[in-house]
Structures are given as C-alpha cells and as structure tokens.
Amino acid sequence: MADDSTRGFSAGQTGLIVRIPEAEPAVGTWRGRLDPSARAGVPAHITVLFPFLDESRTDASVHAALADVLGSHPAFDLRFERCGRLPGVLCLVPEPDTPLIRLTEAIADRWPEAPPYGGRFTEIVPHLTVAQGQEEAVFEEIEADLSDRLPFTAHVSSVELIVHDGTTWQGRASFALGERERHAGQSPVSGRGFA
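Since we're looking at a predicted model, the values are computed, not measured.

A. Structural view of the pattern of salt bridges. What the rule picks out here adds up to 9 salt bridges. As a salt-bridge pair, D145 and R149 come within 3.1 Å of each other at their nearest N and O atoms. The class for R149 is partly exposed, based on a relative accessible area of 39%. A network of salt bridges, in which partner residues are shared, links R85, E136 and E143.

B. Here's a closer look at the packing of helix 1 (residues 24-34) against helix 5 (residues 136-147). At a closest axis distance of 10 Å, the pairing of helix 1 and helix 5 adopts a crossing angle of 160°. The orientation of helix 1 with respect to helix 5, classified from their angle, is roughly antiparallel. When the axes of helix 1 and helix 5 are compared, the crossing they make is right-handed. On the side of helix 1, the interface is formed by A26, V27, W30 and L34, while helix 5 contributes V138, E141, I142, D145 and L146. When its residues are assigned to classes, the contact of helix 1 with helix 5 shows 7 nonpolar, no polar and 2 charged.

C. How the structure looks around the sheet that holds strand 6 (residues 152-156). Strand order across the open sheet formed by 4 strands is 5-4-3-6, with antiparallel pairing between neighbours. The strands lining the two open edges of the sheet, one partner per strand, are strand 5 (128-132) and strand 6. Going across the sheet, the axis of each strand differs from the next one's by a mean of 35°, ignoring polarity. Here helix 1 sits on the sheet in contact with strand 4 (89-95), strand 5 and strand 6, set at roughly 45° to strand 5.

What counts, and where the lines are drawn
Residues numbered from 1 in each chain as written. Predicted model: local features only at pLDDT ≥ 70, side-chain atom pairs only at ≥ 80, totals over all residues. Heavy atoms only, no water. Salt bridge = Lys/Arg side-chain N within 4 Å of Asp/Glu carboxyl O. Buried < 20%, exposed > 50% of the residue type's maximum accessible area, 1.4 Å probe, protein only. Axes fitted to C-alpha atoms, helices over the stretch in contact; angles between N-to-C directions. Helix = DSSP H or I, 4+ residues; strand = E, 2+ residues; numbered from the N terminus. Parallel < 35°, antiparallel > 145°, perpendicular 65-115°, else oblique. Left-handed = near helix turned anticlockwise from the far one by under 90°. Contact = heavy atoms within 4.5 Å. Nonpolar A, V, L, I, M, F, W, Y, C, P; charged D, E, K, R; others polar. Pairing = 2+ DSSP bridges.

So, in structure tokens, the structure goes:
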C-alpha cells in the first residue's frame, strides 16, 4: 500500500489486497527493511483498494457483496519484469495491470464512499511496493539487486480483506475470483490470516 506508515493508520481501518507470495524471495528482505507495511504485517502485495470500509461496517452483507463483485472477475496471471517509481516509492510493475485496475474500479463503483486512496489520486497505478522514502542511491542499489531476481510470474485467484488492529495488519477474509468451480456448499469467502 503506497504511503504506508503505521503512524497513519487507526484500529478498524481496512484495505483490499492481492497477495503476491511469489515476490517474497525477491523483495522480502528489502521490504522488511524499507517498507513500513511489511513491518506492520502486510505481505508482498498489490493494493486493490485502500482505505476500504471501517471494520465496523464489514459485516456478512458486505462480505457477500465482495464475494459477488470479485467472483465476477476471472483469475489472472501477472508478470513482474521491471521496477518502477512513484513519488518516494520504488516498486515492481505488474503486467498486465488492466485486471487489477478493473478490480479496483468494480469495488469503488460498488462502494463509492470508499474511493481508492481516499480520492487523493486520480489515476489507478497498480504496483508492488518494495521501498519507501529512501535516497536515490538506495533505490538504485535495490534495482540492481532485483535485476538478477526478475522476471517472475504470479497467479492471482483471490483478493484479501485486511484490518489494522491499532498496531499491525491482520487478514480477515479471502474472496475468490471467478476461475474455480465451487463444490456444493463451498463458500467463496474464507477467513484467513497472514500466517
């Protein structure tokens, strides 16, 4: 999540992310040192929508609506071949980014009271944050290190709801994208932490 800092979050704040576990071998050490969201418990990810609704509003009906909205989008693959920059941020660029943008737009359309990044940015730029707030020389060092670790691919089949407990981020639920057949009685929503 861009501009992450534990100082700026409050208990009950939520977000929707796509976990990218395939990125951890490449970026885990750098994120652990230079991305506050990693220190606050968030795995390597791409933000779909932040902030989302306050936790007090994410009841069973919201979970069901999220399952419907997200289940109407097919799972997809991403490729990470290069680093990119946003103001004060070094990130990995997912390609293609269109499926991620569509997820963000669909959720923001369903919950217009929760625009991406609180409405601070007009353009949706999917990215996987590696480091924030560093000098150019540090970003260059990270890019040189990552050049030997790229490319890699990731399969995206779900979106996770995460909640800030006042100190760290915790996984609350996972919502399947529409690729998998569901067996009778199987729910598209599951509780899930980051463990």
